[in-house]
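Reading the structure
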Amino acid sequence: GSISLLAMAATVPMRAPRWTGGWAWDAHILLFLGFLLLIGTISPFLVVAMLALSLITWVSGILQLRRSFRFWGAADLVLALVCAALASRGEVDSSMLLLMLIALGVELGIITWLGQKHEGQMSVD
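Procedures and definitions
Residues numbered from 1 in each chain as written. Predicted model: local features only at pLDDT ≥ 70, side-chain atom pairs only at ≥ 80, totals over all residues. Heavy atoms only, no water. Axes fitted to C-alpha atoms, helices over the stretch in contact; angles between N-to-C directions. Helix = DSSP H or I, 4+ residues; strand = E, 2+ residues; numbered from the N terminus. Parallel < 35°, antiparallel > 145°, perpendicular 65-115°, else oblique. Left-handed = near helix turned anticlockwise from the far one by under 90°. Contact = heavy atoms within 4.5 Å. Nonpolar A, V, L, I, M, F, W, Y, C, P; charged D, E, K, R; others polar. Phe/Tyr/Trp six-rings, centres within 6.5 Å; stacked < 30°, edge-to-face > 60°. Buried < 20%, exposed > 50% of the residue type's maximum accessible area, 1.4 Å probe, protein only. Core = buried A, V, L, I, M, F, W, Y, C linked by side-chain atoms within 4.5 Å. Patch = residues over 30% accessible without salt bridge, like charges linked within 9 Å, V, L, I, M, F, W, Y side chains within 5 Å. Areas by Shrake-Rupley, 256 points an atom, 1.4 Å probe, with all protein chains shown as cover. Salt bridge = Lys/Arg side-chain N within 4 Å of Asp/Glu carboxyl O.

Look at helix H1 (residues 2-10) against helix H3 (residues 44-63): their axes get within 10 Å of each other, and the N-to-C directions meet at 20°. Taken as axis vectors, H1 and H3 run roughly parallel relative to one another. Taken as a pair, H1 and H3 cross one another with a handedness that is left-handed. Between H1 and H3, the contacting residues are Leu5, Met8 and Ala9 on the first element and Ala52, Leu53, Ile56, Thr57 and Ser60 on the second. Grouping the amino acids of the contact of H1 with H3 by side-chain chemistry returns six nonpolar, two polar and no charged.

Shown next as structure tokens:
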């Protein structure tokens, strides 16, 4: 799953948008299932991985001017927040909560910055 996530991120600088969709599907399926099979429960690390998946999907949508990936990244963010709520029902210490909040803050900061930087191009799309 993480290899698919890195491959999806690599399609942006390589300017290969036709591969982004395939790697995105692989990353979504394999990352989520891999964490559930390895750990067995929803953990804070799954939440951070889902936030990373959301960030890369959303950034791919912004930089490749693909509206569907921007929507998909927003849906991943909602799914990551649901996973965070489920993970917090268990025993989550303060350092794991801080890790999840830092990942969320970094994601929202990067998305806001890129969204404002490419606002003119995205409005045409």
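Scanning the entire structure with this criterion turns up two aromatic pairs. Look at phenylalanine 69 and tryptophan 72: their rings are 5.7 Å apart centre to centre, the planes differ by 35°, and that puts the pair in the tilted class. In this pair, phenylalanine 69 and tryptophan 72 both sit in helix H4 (residues 67-89), three residues apart, roughly one turn of the helix. Of the two residues, phenylalanine 69 and tryptophan 72, both sit in the buried class. Site record: aromatic cluster; members linked through ring pairs are Trp25, Phe69 and Trp72.

In this model, leucine 65 sits at a positive phi of 55°, which is unusual for a non-glycine residue. For leucine 65, the location among the structural elements is in the loop between H3 and H4. Look at leucine 65 and you get partly exposed, because its relative accessible area is 33%.

To continue, consider the nonpolar core. One finds Leu5, Met8, Val47, Leu51, Leu53, Ile62 and Ile111 to be the most contacted residues of the largest nonpolar core, which totals 29 residues. Where this core is concerned, the elements lending two or more residues are H1, helix H2 (17-39), H3, H4 and helix H5 (94-117). With eleven residues, H3 is the largest single contributor of residues to this core. The contact partners of isoleucine 111, leaving out residues within four places of it in the chain, are Leu55, Trp58, Val59 and Ile62.

With respect to the helices and strands, serine 60 occurs in helix H3. With a relative accessible area of 1%, serine 60 lands in the buried category. The residues contacting serine 60, other than those within four sequence positions of it, are Met8, Val12, Thr20 and Leu65.

Mapped onto the fold, alanine 85 is located in helix H4. Separated by 23 residues in sequence, alanine 85 and leucine 108 place their C-alpha atoms 18 Å apart.

Take a nonpolar patch on the surface next. Judged by side-chain polarity, Trp25, Ile29, Leu30, Leu33 and Leu37 come together as a nonpolar surface patch covering roughly 570 Å² of accessible area. As for its placement among the helices and strands, tryptophan 25 is situated in helix H2.

Counting through the fold element by element, leucine 30 comes out in helix H2. In the structure, leucine 30 is positioned 27 residues away from isoleucine 3 in sequence and 9.5 Å away in space, judged by C-alpha atoms. What leucine 30 contacts, discounting residues up to four positions off in sequence, is Gly1 and Ser4.

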